[in-house]
Structures are given as structure tokens and as C-alpha cells.
Amino acid sequence: MENEGKKRVWSEYQKEIADDHFFYVRSCIRQSFFPGSEQFFLDFMRNGLGKDVFENPSHTTCTGIGYHGDIVPIETIMTVVARHFALMKESGYKNIAISCVTSFGIYTEILETWKHFPEQLERTREFLFKATGREFDVPENMAHTSDIIYKFRDEIASRAKYRLINHQTGEPLKVVEHIGCHYSKMFPKHGVGGAEFPRVLSGMAEAWGGEIIDYPERRHCCGFGFRQYLVQANRGYSVSNTAKKFASMEPYKPDFILTNCPGCNMFMDKWQYTIREMEGVTFGPSGDSIPVLTYEELAGLVLGYNPWNLGLQYHMVQSEPLLRKMGVEFDPEDKYKTKDGVQMPIPRNLINC
Amino acid sequence: MNRFGYSLSKARVIDYDANNHAVAEYIAEKEPSFRLCIACGGCAATCTTGNFTEFSLREINILIHRGENRKPGSDIRKCMLCGKCILVCPRGVNTRNVVITAREAFKKFGINAL
């Protein structure tokens, strides 16, 4: 293929990511399950890179969980998202940084809907104005926070204290990257690499020294699926999907799983415990489970942050085997201490400990 | 163990690598025409047992070829060996002997032994 043709084809898989001045919108569940992730992102962006990341305390849920659970109508979620855009406009920002893949999918779906059905945009403007008296602009640039970390991956690599190398054998660590379905499967042009060649996590892992595993169910859903999980009777379907994915990656002996979606991270972490309890099956080496990290936790480890400040102890599958492989220095005594040094209760029956 | 109110479902994917092909190989060795089956379903359409029960020789053939032996191992005992299926088979498969040999194989390999 001529270079010109290649450029045209690959332009569909590129994405423009803003460099500075982000209006940051949060996830509903991330702060509960992986509190260190967001903390790292904000700290690194503001203090590490000197970027302007603004949070508005009036920001709310995007209602994506309710929308995908068939409880919230599309007109309602459009108005809620429009309110976020109004907060962004009032705060003087044009670049939105979304920390949740579900929300990211919602925002992309709504922007595409408004593009193809302008009358919906006008109705939403009307709904929002009637309800709140606010007006909004569509963002100039929209990025998931993993896009932003991807953009600065080489910067992180240049400051790395630890690399994704097994410090005993010198071999690259084997990384399973799992990208949330709503990141680019619905609207490929909004994701780095599109739906066919998603690069956002593999680009990070490779820049930091890891080796990506290409296994048969690499692009399979994590099993979250909202309705499958929200209704208890359907959860067997959810966990069966996750088990299929784990069984597919197991022969490749991954050192850890890297995700960019709060739901995927929570499910791949906690379902390993559930499957172990239900079937007595584990998917890591020697009866261990596979640690599951967010891209921010991984970036933090690479940069030399204290793993307990990154909140790794909040995971169901503990990360000590990975920390030892990377050669990360950590004090086990500090694992369940508050920042003031007060000892917290230590959970029993921890996995991988 | 179903202590959470839900349980794992087995994947419905056909895993040729993990399946047991011993039964299919045994039948093909004893009755080579077994390999000729194109799963047209003529045998199942004419089958008296199939007319009154869930029995299907076509399904049994397909499952044994895949190495999925559990259901055929239990179903195959329903056949009355009337042989009408031999008369309609367009590929000339000796279906009656396939059934007899399959029963031997299931007994030999201990799969739902008759």
C-alpha cells in the first residue's frame, strides 16, 4: 500500500487528546473500590506534570448504570450530561476528561446522537434550561483519563523508578490488557486505535517495559454487562463470561491484568474470589490469582509511588507477587495503617498473601 | 457450590482439543462408513424411535464426531436396531452397525456404560 493510503487508513485509528486544561468528571464506583487510582491521576497531572485539572463539586453521576439498567430514559441522561457540559462551560473549560469508561461510552453515544439528530440536541437544551436555567456547549475535546495517561506514557517511562521487568530473571512481565467495551467498541473513532486495534493500554505497558499477551478471548467482555450483574439471578451469566476469559488467558501465565474501566477492574478482581469460592478454581500460578491493576495504579508503581498509598491493599486479589517481581520496595507492616500511622483491622483470608 | 444465589454456566463452545475423540476413532475403525456421514438427517427423519422420543441419530453422529460423548452415551440405548435408517442414507453409511459399535465403544471407554 502507498504511504498516502496507509495514512488515510490509520487516520481513522488516531485520536486527538488535549494537552492541558481539563474539566475532570468522576466515576461512581472507582473511588470506593480503587481510591488510589483517582488520587494518583490528580496528583500526577497537577504536581507531576503541572497540568490544570479542574473539578466542580456540583458534578453528579452520569446515570449510566441506571441507563444501561433500563431505569433511566435517554432524555433524562442526555439532560444530566448536558448539565455537566454546562458546569464545564461555567468553569471556563473546553476539554473534558472522563475517568469512567461507562460514562465515556455515554458521552460518546450522546454526542453522536446529537450529531445525527440535531433536534435531540435542541430538546436537551430546552429541558436543561427549563430544569436548571443553565446553558451548555459541546466540549471541543473529549478524552478518557486512560487516553491522557497514554499521551504522557513516554514522560512516565522517562521518570520510571521501576520497569515492567522481572528483576530476578530480566524477562519482561507478561501483561493482559483489558479495555472496557464502552471505550471504543460502540464508537471506534473516539478510542485510541479504534475498536480493531485498541492501543491505549498496550501502548502504556510496552512503553514501560512489559510484554502484551495476545490470547484468544482478548477482546471478550469482562462479564459486567449491567443488567447481567444488577439482577442477582443473572449473575451466573456475568461470572461465566469472566471465567471464560480467565480460562483463555491462563495458559499464557500472565503476571497481571491491566484495565481502564472501573467495572472491568472490579469484576475481574472480585470474580476471581467468587470463582475460587464457588468452584475452587484459580487462574494464576501455583494456586494464586492474577492481580488486576488500573492503568493509574500501574503508572504509580512504575513511578515509585508507595503501593499502599496507591490503594493496592483495597483489591480482592493482593498484589504482593507482582510487587516482588518488579522489585518494588514496600513495607508489609504499613499495609493496613492510616496515613497517620494508626493500625486498621487486617482482613482475614486475603488472596495471594 | 451455589452459595451466592447464582452459579457458573459451562461455555457452549466446542473445544475440539479438550474433547474425547476415542469413541469416534473406535467407531470409524470398526465401521469406516461412519466417516461418510454428512449429517443430512435422513436417518433421524425416518426413525421410529425418533418419532416417539427425543432420539436423533443425526445428533448422535454430530456429537460423537465432535467428541462430546455424554449425551450420545445415554441416548444411544434407545435405538431398536430396526435398520430403516440404512435404507434412506444417501451416503451408504451402515448406521445400524454404527449404533452397535458405538454401544461397544461407550462400554469400553466407560461412558454411561449400558
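Criteria and thresholds
- Residues numbered from 1 in each chain as written.
- Chains lettered and ligands numbered in written order.
- Predicted model: local features only at pLDDT ≥ 70, side-chain atom pairs only at ≥ 80, totals over all residues.
- Contact = placed C-beta atoms within 7 Å.
- Nonpolar A, V, L, I, M, F, W, Y, C, P; charged D, E, K, R; others polar.
- Helix = DSSP H or I, 4+ residues; strand = E, 2+ residues; numbered from the N terminus.
- Expected span 1.5 Å × (residues − 1).
- Buried ≥ 20, exposed ≤ 12 C-beta atoms within 10 Å, placed from the backbone.
- Arc of directions from axis to C-beta.
- Pairing = 2+ DSSP bridges.
- Axes fitted to C-alpha atoms, helices over the stretch in contact; angles between N-to-C directions.

A. Region of interest: the interface of chain B and chain A. Taken together, the contact between chain B and chain A spans eight residues of the former and 13 residues of the latter. Each residue belonging to the side of chain B that touches chain A can be placed in one class, and the counts come to five nonpolar, three polar and no charged.

B. Local environment of helix H7 (residues 95–108) of chain B. Residue and element names in this part refer to chain B. Here H7 contains 14 residues, and its C-alpha end-to-end distance of 20 Å stays within 8% of the 20 Å for a straight helix at 1.5 Å per residue. For H7, the complete set of buried residues consists of Thr95, Val98, Val99, Ala102, Ala105 and Phe106. Here the buried residues of H7 occupy an arc of 125° about the axis, which is enough to place them on one side. The inward-facing, buried residues of H7 contact helix H1 (22–30), helix H2 (42–46), helix H4 (57–66), helix H5 (70–75) and helix H6 (84–88). Immediately downstream of H7, the backbone of Gly110 shows phi near 70°, a positive value.

C. Fine view of the environment of Asn20 of chain B. Residues and elements named next belong to chain B. Here Asn20 is to be found in the segment before H1. C-alpha of Asn20 to C-alpha of Asn51: the two residues are 31 residues apart in sequence and 30 Å apart in space. Setting aside residues up to four positions removed in sequence, Asn20 forms contacts with Gly67 and Asn69.

D. A look at the pairing of strand S3 (residues 95–98) of chain A. Residues and elements named next belong to chain A. Of the two faces of S3, the one carrying Asn95 and Ala97 and the one carrying Ile96 and Ile98 are both buried. Sheet topology note: the strand S1 (residues 22–25)/S3 ladder contains four bridges and is parallel. Within S3, the position partnered with Val25 by the bridge is Ile98. Direction of pairing for S3 relative to strand S4 (residues 141–144): parallel, over a ladder of four bridges. The residue bridging Ile98 from the neighbouring strand is His144, located in S4.

E. Focus on the sheet that holds S1 of chain A. Residue and element names in this part refer to chain A. Here we have four strands laid out as an open sheet, ordered S2-S1-S3-S4, and parallel in their pairing. Since the sheet does not close on itself, it has two edges, and those belong to strand S2 (53–55) and S4, each with one partner. For this sheet, the mean angle separating the axes of adjacent strands, direction not counted, is 30°.

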